[in-house]
Amino acid sequence: MGGKRIRLVLIASPLQGHMTPMLQLGTYLHSKGFLITIAHSEFNRPDPSKHPEFCFLPLCDHLSRVGLSVGVIKFLQVLNDNCKPRLKEYLIEIINTRKDNESIVIIHDNLMFFAGSAASELGLPFFIFRSSSAVFYPAYKIIPLLHQEGRFPAQDCLMQEIVPELPPFRYKDLPFMDRPIEQTLELIAMITPHTPPCAFIHNTVEFLEQSALARTRNRYQVPVFTIGPLHKMTRPLATSFLEEDTSCMSWLDKQTPKSVIYVSIGSLATMDEKLSTEMAWGLANSKQPFIWVVRPGSVRGYEWIEFLEQGLINEMKGRGLIVKWAPQKEVLAHFAVGGFWSHCGWNSTLESLSQGVPMLCQPFNTDQLLNARYLSYVWKIGVEIVVEREEIEGAIKRVLVGIQGEEMRNRAMEIQEKVKVAINYGGSSHNSLKDLEVFILSL
Ligand code: UDP
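Residues numbered from 1 in each chain as written. Predicted model: local features only at pLDDT ≥ 70, side-chain atom pairs only at ≥ 80, totals over all residues. Heavy atoms only, no water.

Engineer: Break down the environment of Glu278 for me, citing the residues and quoting the values.
Structural biologist: Mapped onto the secondary structure, Glu278 falls in helix H9 (residues 273-286). The class of Glu278 is buried, set by a relative accessible area of 11%. With 109 residues separating them along the chain, Glu278 and Val387 place their C-alpha atoms 6.6 Å apart. (Helix = DSSP H or I, 4+ residues; strand = E, 2+ residues; numbered from the N terminus. Buried < 20%, exposed > 50% of the residue type's maximum accessible area, 1.4 Å probe, protein only.)

Engineer: Could you give an account of the environment of Cys55, naming the residues involved and the relevant values?
Structural biologist: Note that Cys55 resides in strand E3 (residues 55-59). Distance in space between the C-alpha atoms of Cys55 and Leu35 is 8.4 Å, their sequence separation being 20 residues. What Cys55 contacts, discounting residues up to four positions off in sequence, is Arg7, Ile36, Thr37 and Ile38. (Contact = heavy atoms within 4.5 Å.)

Engineer: Describe the site of the ligand, with residues and values.
Structural biologist: Within the structure, the ligand sits among 18 residues, and Ser267, Ala326, Asn347, Ser348 and Glu351 are positioned closest to it. His343 is positioned such that a nitrogen or oxygen atom in its side chain is 2.9 Å from an oxygen atom of the ligand. Between an oxygen atom of the ligand and a main-chain N or O atom of Trp346, the distance comes to 3.5 Å. Protein chains bury 94% of the 540 Å² of accessible surface belonging to the ligand in isolation. For the shell around the ligand, the elements supplying multiple residues, two or more each, are helix H1 (16-31), strand E8 (260-264) and helix H12 (346-355). A total of four residues in the shell around the ligand trace back to one element, the largest contributor, which is H12. By residue class, the composition of the shell around the ligand is five nonpolar, 12 polar and one charged. (Near = heavy atom within 4 Å. Polar contact = N/O pair within 3.5 Å; in protein donor to acceptor, adjacent residues only side chain to side chain. Areas by Shrake-Rupley, 256 points an atom, 1.4 Å probe, with all protein chains shown as cover. Nonpolar A, V, L, I, M, F, W, Y, C, P; charged D, E, K, R; others polar.)

Engineer: Can you lay out helix H6 (residues 181-191) for me, pointing to particular residues and giving the numbers?
Structural biologist: All of the buried residues in H6 are Thr184, Leu187, Ile188, Met190 and Ile191. Seen end-on, H6 carries its buried residues on one side only, within an arc spanning 160°. Where H6 is buried, its residues meet helix H2 (72-97), helix H4 (136-140) and helix H5 (142-148). (Arc of directions from axis to C-beta.)

Engineer: Go over the side chain of Thr216 with me, naming the residues and quoting the values.
Structural biologist: Here Thr216 is to be found in helix H7 (residues 210-220). Here Thr216 falls in the buried class, since its relative accessible area comes to 5%. Not counting residues up to four positions away in its chain, the partners in contact with Thr216 are Arg130, Pro138, Phe200, His202, Gln221 and Val224.

Engineer: Lay out unusual backbone geometry in plain terms, naming residues and giving numbers.
Structural biologist: Here the residue pair Gly228 and Pro229 is connected by a cis peptide bond, since its omega of -5° sits within 30 degrees of zero. Relative to the assigned elements, Pro229 resides in the loop between strand E7 (224-226) and helix H8 (247-253). In this model, Asn44 sits at a positive phi of 50°, which is unusual for a non-glycine residue. Turning to its location among the elements, Asn44 is positioned in the loop between strand E2 (35-41) and E3.

Engineer: How would you summarise the sheet that holds E3 if you had to cite specific residues and measurements?
Structural biologist: Taken in spatial order, the seven strands make up an open sheet running E3-E2-E1-E4-E5-E6-E7, and their pairing is parallel. Where the open sheet ends on each side, the last strands, each with one partner, are E3 and E7. For this sheet the average axis-to-axis angle between neighbouring strands, irrespective of direction, equals 25°. Of the pairings in the sheet, the one linking strand E1 (residues 5-11) to strand E4 (residues 102-109) comprises seven bridges and is parallel in character. Paired with Arg5 across the two strands is Glu102, which belongs to E4. The sheet contacts of H1 involve E1, E2, E4, strand E5 (126-130) and strand E6 (199-202), and relative to E4 the element is tilted by about 155°. Most of the contacts of helix H3 (residues 114-122) go to E4, to which it runs at about 155°, and overall it touches E1, E3, E4 and E5. (Pairing = 2+ DSSP bridges. Axes fitted to C-alpha atoms, helices over the stretch in contact; angles between N-to-C directions.)

Below, the structure is given as structure tokens:
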């Protein structure tokens, strides 16, 4: 560091899919000699005892009792309004006590936008860290554009007609379409950066999302570092808010190679009883071994799996495991796993790509519909499913045993190889992390 001491203040979002990559980024940068403070909300706080190398700064959000139940817009507003005063106070403290050779740099999660304005107000350089797919950002910006022009394309209309350099996603794949347009516009205005950062950091791999990344570079004219998949750039970290049920690993050891379907809809999505019952019947009728993560509270109206009737439980018995939370990265890396039925959150997508596992795509919202489109139409390693028991049964068999499954697996393994090249010495993600270090030192 040439005698310089740089404190990086990382402002993490309290969502699992955002917190994990932020802690991974912090771990990597700490290993390169940077001092790391993790500023976090009280709601879904990280466990400091698992990361002794970091300083932690709790920010009082008053959200612990309500969480996301207030709705995403209110949640983000309250989170950002409440966290700002303490962060600013802390930054002023460290600015006033820093020595000549010390500098302070902010890296904030894109949902913690208050930190960008706090940094600007105090004259500190700041980075925006984006843990969704890179295509998410130019994609949601199409919505205000269409609204201004009074255009209402058909659901299946390809958005390439409007932004030619983007992948072939449709109008209905755009994010935030599950709410009234006024709310969609409010949400987009909220999360669109008002002051450009000195750079963006994306948890993605350059070759996966070149066109979307080019759009961000053109629009902001600042460096865009593509340093993913971050879980492959650091040692394994304990970052789960829920306890992992590791019993599934010894169960997997007893299964035949590539025979198991792993099912998870991530940390946020919820389903109604009808959808969950169709999933259960599809799994039962496919007669394939499975691990199904049913997160407590993810089936609306139930604490856990009380919605399963006895007949269904009998059908599933002996063939699979239902767990509350799995060690997902280890599960996907296990030889017995042959397919991942997923909501297509970006972390899950990257974790599956890194292991060469083909996917069944059941997207719910945000960037998941775009990711599902990438998986099924661009990379061709996933099938989009409509959740009805017969279709699921067929899709599971297609992915695990059919010729189509074999072709998808071959393509998935090709992508896995390219990801390995990207993260190894001289690869795009490896180089981008090096460039990021140099860039931070130059500030
Ligand atoms: N995850 C896990 N165990 C589970 C389900 C999910 O460890 O049983 C992890 C998964 O590995 C991923 C994260 O939770 O890192 C989910 O992030 P993603 O972006 O896929 O979806 P989100 O939860 O944000 O919708």
